[in-house]
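# A structural walkthrough
Take a look at the letters that make up each chain.
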Amino acid sequence: MIKKVCNWIDRNIRRLLLLGMLLCVLGIIASFLFPNEYMATQGYNTKAEQLVQNPLTEGTVMEYKFQVEKRLLGIQVKYTTYDKKLTSGVIHYEVLSQTDGHSLGSSAMSAPNIAEGQDVLMPFTGFETCSGSLILRIWCDGVTDGNYPGIYTNPQIIPDVATSINGQVLQGNMIMTYCYPAYNKPLLWYFILFLFVLLTLFAVTEKDAPLIRKGKKKA
Amino acid sequence: MKTYIKEHWRKLLVMAGAVILLTVLVELLVFNFHSLFDDTYTTRYDFAGGQTYDHVKIEDVDYSTTTEQDGKTVESKGLETDYTFTFPEKMYIKKLHIGYQSPVDFSITMNAYNDNGYGETAATEYYDQSLAAFTDYYNNIGQDATGCKIRVVNNFNGTIDFIEFSNELTMNPYRMFFLAVVFSCILFLIFGAPVFGRKLEVYFAFLSLLAGSIYIIFGGTLRIGWDEQVHFDNAYSNAYFSTVQYTEAATIMKEAHQPYYNTLEERQYIADYFNSKDNTDQAVLVSKPRFIPYNQWAYITQTLFLAIGRLLHLPFTILYMFGKFGNLLLYTLVVALAIKYAKVGKAIVAVIALLPTCLFQATCYAYDGVAISFTILGFILWLNEVLDKEKKLKWYNVLAIVGCFVFASLPKAIYIILLGLLCFFPKTKFGSKKQRIFFIAGVVAVMITIIYTFLFPVASQTSMGNVNWGSDVRNEESETGIVKQLMMILDHPWTYTKLLVGTIFKTFCDYIFGIGANANFAFLGAYSAQFTYLFTPLFLGLGFISCQEETKYVLDKKYKLLIGVLVFGVFCLIWTALYLSFTQIGALGFNGVQPRYYLPIMVMLPFLCRNKTLVCHGKLQNYNRIVMAIMTFVVLYGAYSIMLPFNV
């Protein structure tokens, strides 16, 4: 069986290589036509100096007013666990439009997944387009053991950005990283490489070359 | 193989029995000599309730020392507690065990007193750290003592619960595994003569897998390899599709914060500690791209084994070692294929691949194993083609050679220069001139595609005028930057050429024959420098002396020159890469170049020396057997002297 397959490949090697090269060329074209969307992060306020921990206790709502030109895929916020292992609680977040106050979407995540000092990604999956003047609202509930998570802020003052707790504006802002969509062509390089490899192989094949693999003769 | 086992099963069974018997005997009679022939005992002194003992003196010493730092006098305060024991009679202490509670890491030093043979009392010092996360300290002593002083340093707000001396009989599973491997190899070397002729790959695979397994098991969860935490993170994260589950244990590993151990007991409780922190329900979830970047394909078997291990719900310590085993398996398989297909110089390939550093790198989280093994296989396949000038090139051979060199250079692109060897195939290997030109053009295009991965970022940043781009963050001491450094070289080409060539020649012997390249276990330490006296004649012998059977295959001078030029080119690229990324701008020296970077091309050097003048008229089988006996000793020596002490 293996002998048969090898002989078939040997017989058709030029066609197979040509087919491979054609697929590579198609892959190169497809890479340009359909680039891959991925999440690119851009630190906005990331100085981890003079940090303040703001507890997200039951009933506390933290708001972050900001403006973005590009569509946001999510946001990363620096959380604290107060050096404890969180065992319960759900963190909710919602994005609203500053202009008319309507909700663009909301989601939630489990508090025990958070580690101390972790920049936690809060994806806006399934949200309406998040761009322009926005409000990010964060709160936590369902904590059963009194160990609440918190959010770090630093004293950085940034134009057009404001952080508040229960409506009271803070002298500083959350540690923030914005996540935008970006595009790349992850397979393009491979297609080019394979194309050249196949070209090299094609160069050493000959039309109507005699079969190479004879296989072992049975006794 | 099946037939061999069928025919020789009795012999194999007897040998297995002999190995087990010898292992148990040596473990008992040599390593447990004092437990068998002196008194076995465990003496515990409890201090938790403030107990006192007649022959134990406890003394607290608060001290403060002053040191000069940057022209300022800095005072540091410390706390020492001395426990001085005077034993009623001389006794053999095998192990020291201390129970403690402490909120901070602290150190314990033991001075064991004994007669030095001249009638005077001499002290031997044993030092180790105790970690706040645990409550037991162990240290191997292994000497007679008439008394001892145990000094506990800076155990602030902590307690010592008990101190225990023991001389118990212990059958150490790690040492027994090592002994079993040693005896198996000896028996193979004695009774497996036919294998060393034309089937050397069998012995290579046997030794590589067994010795490699020893390296993996003895290394355990210790941080042993160069930048191993980074390589582990790459392998681990690729084992997940788009969201990585970092358990606490995995996070400890990727941040290189794993606790250190140096005794069997410490290893056990640290394993329990890791396994208890591998709860996937509490794992931190991190998103990642779905595609494996081109420079991380070298971790593919490590990644695969980690993924399988996760599916099998292996305990974390086992999973960590299992991932390394994937690396070893690929390395062994690729090199065994190279030995199998080598028309000439099978022993050279086996020796280079069995160099302790090569094997060590194949048993760590690293990409060196892939770079070394695939370069070896690619070179051997190329050599076979060159030695058989009349045989036309076949597409599958070309695919194998190109595939090997490309895969080897994915993690470290500079090795792609070796693909240039393909441009110099004899004309007789091609059907026509046109075919040859197309072939060379294809090879050059593949080389450029790989070179593009490291040249493009430099070129684009230079063209954008970003002169500060490309500094290596690991080198905090000095100002570095690829673009600035490159401009410096281009401004002073002659000065740089002199510096580069001078440095390559100055370091050549040390980097080829020295232990830095050949017998280096990274953070665990290197072999004794005296091994250079073994490697030098071994390499020179392998290079210059060949067996009668191999003399029909000697490379033409033209090809020797070509290999020499390409090897020198790779040397230049290695030094230049580190000069650009890791060396202070405009420095008259190089930083960051390690001898191990030469390993992927080491296999080519002995073939440059092969000739028809110096010929060994003995049997190839015996020649290979002697060489393999030496390498067995070399490979297992490191396991015993460097790695085993962490596990007894």
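The rules behind the values
- Residues numbered from 1 in each chain as written.
- Chains lettered and ligands numbered in written order.
- Predicted model: local features only at pLDDT ≥ 70, side-chain atom pairs only at ≥ 80, totals over all residues.
- Heavy atoms only, no water.
- Helix = DSSP H or I, 4+ residues; strand = E, 2+ residues; numbered from the N terminus.
- Buried < 20%, exposed > 50% of the residue type's maximum accessible area, 1.4 Å probe, protein only.
- Lys, Arg positive; Asp, Glu negative; His and termini not counted.
- Charge placed at Lys NZ, Arg CZ, Asp CG, Glu CD.
- Rg over C-alpha atoms; globule rule 2.2 N^0.38 Å.
- Contact = heavy atoms within 4.5 Å.
- Areas by Shrake-Rupley, 256 points an atom, 1.4 Å probe, with all protein chains shown as cover.
- Salt bridge = Lys/Arg side-chain N within 4 Å of Asp/Glu carboxyl O.
- UniProt positions renumbered as here; feature names shortened; annotations may be inferred.
- Core = buried A, V, L, I, M, F, W, Y, C linked by side-chain atoms within 4.5 Å.
- Pairing = 2+ DSSP bridges.
- Buried area = accessible area lost by both parts, 1.4 Å probe.
- Polar contact = N/O pair within 3.5 Å; in protein donor to acceptor, adjacent residues only side chain to side chain.
- Nonpolar A, V, L, I, M, F, W, Y, C, P; charged D, E, K, R; others polar.
- Domains from an automatic or database assignment.
- Phe/Tyr/Trp six-rings, centres within 6.5 Å; stacked < 30°, edge-to-face > 60°.

### Quick word on the overall build of chain A
Within chain A, the regular secondary structure consists of three helices and 13 strands. C-alpha atoms of chain A, sized along the principal axes, occupy 85 × 45 × 35 Å. Of all 219 residues assigned to chain A, the portion counted as buried reaches 44%. Averaged over its 20 positive side-chain charges, chain A has a centre that lies 26 Å from the centre of its 17 negative ones.

### Focus on the overall build of chain B
Looking only at helices and strands, chain B features 23 helices and eleven strands. Over its C-alpha trace chain B gives a radius of gyration of 28 Å, about what one expects of a compact globule, namely 26 Å for 648 residues. Reported as C-alpha extents along the three principal axes, the dimensions of chain B are approximately 95 × 70 × 55 Å. Of all 648 residues assigned to chain B, the portion counted as buried reaches 53%. Looking at chain B alone, contacts between residues at least 24 apart form 78% of all its contacts between residues at least 6 apart. Just so you have it, chain B exposes about 29,200 Å², and 61% of that area is on carbon and sulfur atoms. Here chain B contributes 50 positive and 49 negative side-chain charges, whose respective centroids are spaced 23 Å apart.

### Looking at the pattern of salt bridges
Residues and elements named next belong to chain B. A complete count under the given rule lists 16 salt bridges over all chains for this structure. For Asp368, the salt bridge goes to Arg596, with nearest N and O atoms at 2.9 Å. Taken together, the residues Asp368 in helix α13 (residues 368-387) and Arg596 in the loop between α20 (557-582) and α21 (599-602) connect sequence positions 228 residues apart. Each of Glu80, Asp82 and Arg151 takes part in salt bridges that share partners, so that together they form one network.

### Side note on the UniProt feature "transmembrane region" (unreviewed entry) in chain A
Residue and element names in this part refer to chain A. As annotated in UniProt, the feature "transmembrane region" (unreviewed entry) corresponds to residues 16-34 and 187-204 in the numbering used here. Within the segment residues 16-34, helix and strand shares are 95% and 0% respectively, and the terminal C-alpha atoms sit 26 Å apart. Annotation note: span residues 187-204, helix share 89%, strand share 0%, distance between end C-alpha atoms 26 Å.

### Points about the nonpolar core
Of all hydrophobic cores here, the largest spans 221 residues; its most connected members are Phe85, Ile150, Phe165, Phe379, Trp382 and Met628 of chain B. Considering every element that reaches this core, the biggest residue donor is α20 of chain B, with 14 residues. Of all hydrophobic cores here, the second largest spans 36 residues; its members include Leu56, Leu86, Leu136 and Tyr178 of chain A.

### Remarks on the pairing of strand β10 (residues 162-165) of chain A
All names here are of chain A. Pairing of strand β3 (residues 61-68) with β10 involves four bridges; the strand directions are antiparallel. In the sheet register, Lys65 faces β10, and the bridge partner there is Ala162. Across two bridges, the pairing between β10 and strand β11 (residues 168-169) is antiparallel. Among the inter-strand pairings, Ile165 is bridged to a residue of β11, identified as Gln168. In this structure, the hairpin formed by β10 and β11 is closed by a connection of two residues, where Asn166 is found at a positive phi of approximately 50 degrees.

### Observations regarding the interface of chain A and chain B
In this complex, chain A contributes 26 residues to the contact, which on the side of chain B involves 34 residues. For the pair chain A and chain B, the summed buried area comes to about 2,500 Å², and 70% of that belongs to carbon and sulfur atoms. Ranking the residues of chain A by area buried against chain B places Trp189, Thr200 and Val204 of chain A at the top, with a combined share of 25%. Put simply, chain A and chain B have zero salt bridges between them. Counting every contact that joins chain A to chain B gives seven residue pairs in polar contact (both at pLDDT 80 or more). Every element with two or more residues in the side of chain A that touches chain B is listed here: α1 (2-11), β1 (36-45) and α3 (188-203) of chain A. If you tally residues by element for the side of chain A that touches chain B, the top one is α3 of chain A, at nine residues. Taken together, the residues of the side of chain A that touches chain B break down into 16 nonpolar, five polar and five charged.

### Some words on the domain arrangement of chain B
Accessible area lost on assembly of the parts is the figure often given for the size of an interface. Per the domain assignment, the segments of chain B are domain 1 (34-169), domain 2 (224-324) and domain 3 (345-617). Summarising the inter-unit geometry, the C-alpha centres of domain 1 of chain B and domain 3 of chain B are found 51 Å apart.

### Here's the deal with the sheet that holds strand β5 (residues 90-97) of chain A
The six strands lie next to each other as β6-β5-β8-β3-β10-β11 (chain A), forming an open sheet whose pairing is antiparallel. The sheet terminates laterally at β6 (103-110) and β11 of chain A, the two strands that pair on one side only.

### Digging into the packing of aromatic side chains
All names here are of chain B. Going through the model one piece at a time under the given rule, you end up with 69 aromatic pairs over all chains. For the ring pair Tyr511 and Trp575, a centre distance of 5.6 Å and an interplane angle of 25 degrees mean the geometry is stacked. Taken together, the residues span a long stretch of sequence, with Tyr511 in helix α17 (residues 493-513) and Trp575 in helix α20 at a distance of 64 residues. Here Trp575 falls in the buried class, since its relative accessible area comes to 3%.

### Details of the side chain of Lys429 of chain B
Residues and elements named next belong to chain B. In this structure, Lys429 sits in the loop between α14 (395-409) and α15 (433-463). Among the polar contacts listed, one links the side chain of Lys429 to the backbone oxygen of Lys391, at a separation of 2.7 Å. Residues within four places of Lys429 in sequence aside, it is in contact with Glu385, Asp388, Lys389, Lys391, Lys392 and Leu393.

### Structural notes on the pairing of strand β7 (residues 119-123) of chain A
Residues and elements named next belong to chain A. Because side chains alternate across β7, one face comprises the buried residues Val120 and Met122, and the other comprises Asp119, Leu121 and Pro123, none of which is buried. Bridge count between strand β4 (residues 74-80) and β7: five bridges; the pairing is antiparallel. Bridge pairing in β7 places Gln76 opposite Leu121.

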